[in-house]
Amino acid sequence: MKYLYYPGCSLEGTAKEYHESTVSLMAALGAELEEIEDWSCCGASAANNVSELLSFVLPARNLALAEKMCQEKQEALDILVPCSACYLNLKKVAERAKIDFEFVQTINTVLEADGLEFGNHLEIRHLLDVLSRDVEPDWIAKKAMVSFEGFTAAPYYGCQCLRPYAEFDDPERPVSMERLISSTGAAVLDWNMGGVCCSASHMSTKPEVGLALVKRILSQAKSADMILTVCPMCEMNLEAYQKEAGLVSHESFSITILYLPQFLGMALGLPQAQTRVDLNLCVTPVFWEKYCGMTSRARNVRIPAPKAE
């Protein structure tokens, strides 16, 4: 397995643990990631407020760079994107390009100044798409060094990796994480919040809306040992606002939030230096003690608790 890799801005900053655990997990799975050379911001959600054209040109530039790399190497590779917002922005350009030739011409007129041309030749795939369709769960089960038997995981997909492009899962009842979770021995929480919005940036602009939505998700996951996600914004909202969400509803939340590649990497026995659980904002002592107990029995070693960088 070989992919071009677009990390995006969040994974070099607030979601560094997502980037490092993704790279480490894919290497452990035997996959080769080649980072897109000279990649730049995809525009996130801010570019469209400045210019609609800019919101398309920014992701198109990264796709054009990827196509240039493939042309030079004479190979066609899928583009793997971990960040759901980045995936959505890259995907929207590719989808519009399929039906709007004049749009492509406009994009390429702008890109010409950078010596680039966007042809829309490559497949854009979310990390979850790759893990759920290119990786055999049986392989993970055979290679796992630590069993998560006795743990319950709540798979949380968020909005942007599933909507509006339902490429690899049903956005109303997503299940693509479930076989991966089961391959580690963990149970999957039966809930209906996996594809519900976490409020995204409303946590900053309309906190009363954001806290209400986060509260709904956390309340439904209280019986789980962890929530697993594949989106930096979702991770941040569910991790950083547990106390505030609890105050809204007079509840107390203390739930471990992990990125899916961190969880799978832990099952494969990857060291903390690769899973970077030490950078997470919410890994509860109860979860860590339970995990370390299983890890110690599997390896006959004691794993120290994660420490903030």
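Scroll up to find the structure this text is about.
As the structure is a computational prediction, the values presented were derived from the model and not from experiment. (Residues numbered from 1 in each chain as written. Predicted model: local features only at pLDDT ≥ 70, side-chain atom pairs only at ≥ 80, totals over all residues. Heavy atoms only, no water.)

Participant: When you look at the overall build of the protein in this model, what are you seeing that I'm missing?
Facilitator: Looking only at helices and strands, the protein features 15 helices and 8 strands. Over its C-alpha atoms the protein spans a radius of gyration of 20 Å, differing by no more than 12% from the 19 Å that the globule rule assigns to 309 residues. Overall, the protein is about 60 × 45 × 35 Å in size when its C-alpha atoms are taken along their principal axes. For the protein, with 309 residues in total, the buried portion stands at 53%. Looking at the protein alone, contacts between residues at least 24 apart form 77% of all its contacts between residues at least 6 apart. For the protein, the accessible area works out to roughly 13900 Å², and carbon and sulfur atoms hold 50% of it. (Helix = DSSP H or I, 4+ residues; strand = E, 2+ residues; numbered from the N terminus. Rg over C-alpha atoms; globule rule 2.2 N^0.38 Å. Buried < 20%, exposed > 50% of the residue type's maximum accessible area, 1.4 Å probe, protein only. Contact = heavy atoms within 4.5 Å. Areas by Shrake-Rupley, 256 points an atom, 1.4 Å probe, with all protein chains shown as cover.)

Participant: Hey, could you run me through the sheet that holds strand 1 (residues 2-5) in this one?
Facilitator: Either a parallel or an antiparallel arrangement is found when strands of a sheet pair, and the pairing is made through backbone hydrogen bonds. The strand order 2-1-3-4 describes an open sheet built from 4 strands, whose pairing is parallel. In this open sheet, the two edge strands, each paired with only one partner strand, are strand 2 (32-35) and strand 4 (124-126). Direction aside, neighbouring strands of the sheet carry axes that sit 40 degrees apart on average. As judged from the 2 bridges shared by strand 1 and strand 3 (residues 79-81), these two strands associate in the parallel manner. Within strand 3, the residue paired with Y5 across the bridge is L80. Here helix 6 (residues 127-134) sits on the sheet and contacts strand 1, strand 3 and strand 4; the angle it forms with strand 4, its principal contact strand, is near 80 degrees. (Pairing = 2+ DSSP bridges. Axes fitted to C-alpha atoms, helices over the stretch in contact; angles between N-to-C directions.)

Participant: Help me out: how do you make sense of the pairing of strand 2 in this one?
Facilitator: Two faces make up the sheet, and in a regular strand the side chains alternate between them. Pairing between strand 1 and strand 2: 4 bridges, direction parallel. Each bridged residue has a counterpart across the sheet, and for Y3 the counterpart in strand 2 is L33. The parallel pair strand 1 and strand 2, bridged by helix 1 (residues 16-28), forms a crossover whose chirality is right-handed. (Right-handed = clockwise from strand over helix to strand, strands pointing away.)

Participant: Just checking my understanding: could you explain the packing of aromatic side chains for this structure?
Facilitator: To describe a pair of aromatic rings, one takes the distance between the centres and the angle between the planes. Counted according to the given criterion, the structure contains 10 aromatic pairs. Note on F56 and F103: the rings are 5.0 Å apart at their centroids and 80 degrees apart in plane angle, and the pair reads as edge-to-face. Highlighted residues: F56 in helix 3 (residues 52-73) and F103 in helix 5 (residues 101-111), separated in sequence by 47 residues. The pair F56 / F103 is uniform in exposure class, with both members buried. Relative to F263, the ring of F148 lies with its centre 4.6 Å away and its plane at 45 degrees, an arrangement referred to as tilted. One end of the pair, F148, is in the loop between helix 7 (137-143) and strand 5 (152-155); the other, F263, is in helix 13 (residues 260-267), with 115 residues separating them in the sequence. Take F148: its relative accessible area is 0%, and that puts it in the buried class. Take F263: its relative accessible area is 0%, and that puts it in the buried class. Aromatic ring contacts, followed pair by pair, group F148, F151, F263, F287, W288 and Y291 into a single cluster. The ring of F56 carries the charged tip of K92 above its face, separated from the ring centre by 4.8 Å. (Phe/Tyr/Trp six-rings, centres within 6.5 Å; stacked < 30°, edge-to-face > 60°. Lys NZ or Arg CZ within 6 Å of the ring centre and 35° of its normal.)

Participant: Please explain helix 13 as it appears in this structure.
Facilitator: Side chains that are three or four residues apart share a direction in an α-helix, a result of its 3.6 residues per turn. The buried fraction of helix 13 amounts to 8 of the 8 residues, a majority that puts the element mostly inside the structure. One or two positions beyond helix 13, positive phi appears at G269, with a value near 85 degrees.

Participant: Explain the packing of helix 1 against helix 6 to me, please; I cannot follow it from the model alone.
Facilitator: Describing two packed helices takes the angle between their axes plus the distance from one axis to the other. Running from amino to carboxyl end, helix 1 crosses helix 6 at an angle of 25 degrees, the nearest separation of the two axes being 13 Å. For the element pair helix 1 / helix 6, the angle class is roughly parallel. Helix 6 is crossed by helix 1, and the crossing has left-handed handedness. Counting all contacts with helix 1, which are made through Y18, T22, L25 and M26, the residues of helix 6 involved are L127, V130 and L131. Residues belonging to the contact of helix 1 with helix 6 are distributed by class as follows: 6 nonpolar, 1 polar and no charged. (Parallel < 35°, antiparallel > 145°, perpendicular 65-115°, else oblique. Left-handed = near helix turned anticlockwise from the far one by under 90°. Nonpolar A, V, L, I, M, F, W, Y, C, P; charged D, E, K, R; others polar.)

Participant: Before we go on, may I ask you to explain the pattern of salt bridges in this structure?
Facilitator: Pairing between side chains becomes possible if they bear opposite charge and their charged atoms approach one another. According to the stated counting rule, one finds 21 salt bridges in the structure shown. We note a salt bridge from K91 to E95, for which the minimum N-O separation is 3.6 Å. Of this pair, K91 and E95 are both found in helix 4 (residues 84-97), 4 residues apart, which corresponds to roughly one turn of the helix. Classification of K91 by relative accessible area gives buried; the value is 4%. Notably, a salt bridge pairs R133 with D129, separated by 2.6 Å at the nearest N-O pair. In this pair, R133 and D129 both sit in helix 6, 4 residues apart, roughly one turn of the helix. One continuous salt-bridge network, built from bridges that share partners, spans K2, E32, E34, K73 and E75. (Salt bridge = Lys/Arg side-chain N within 4 Å of Asp/Glu carboxyl O.)

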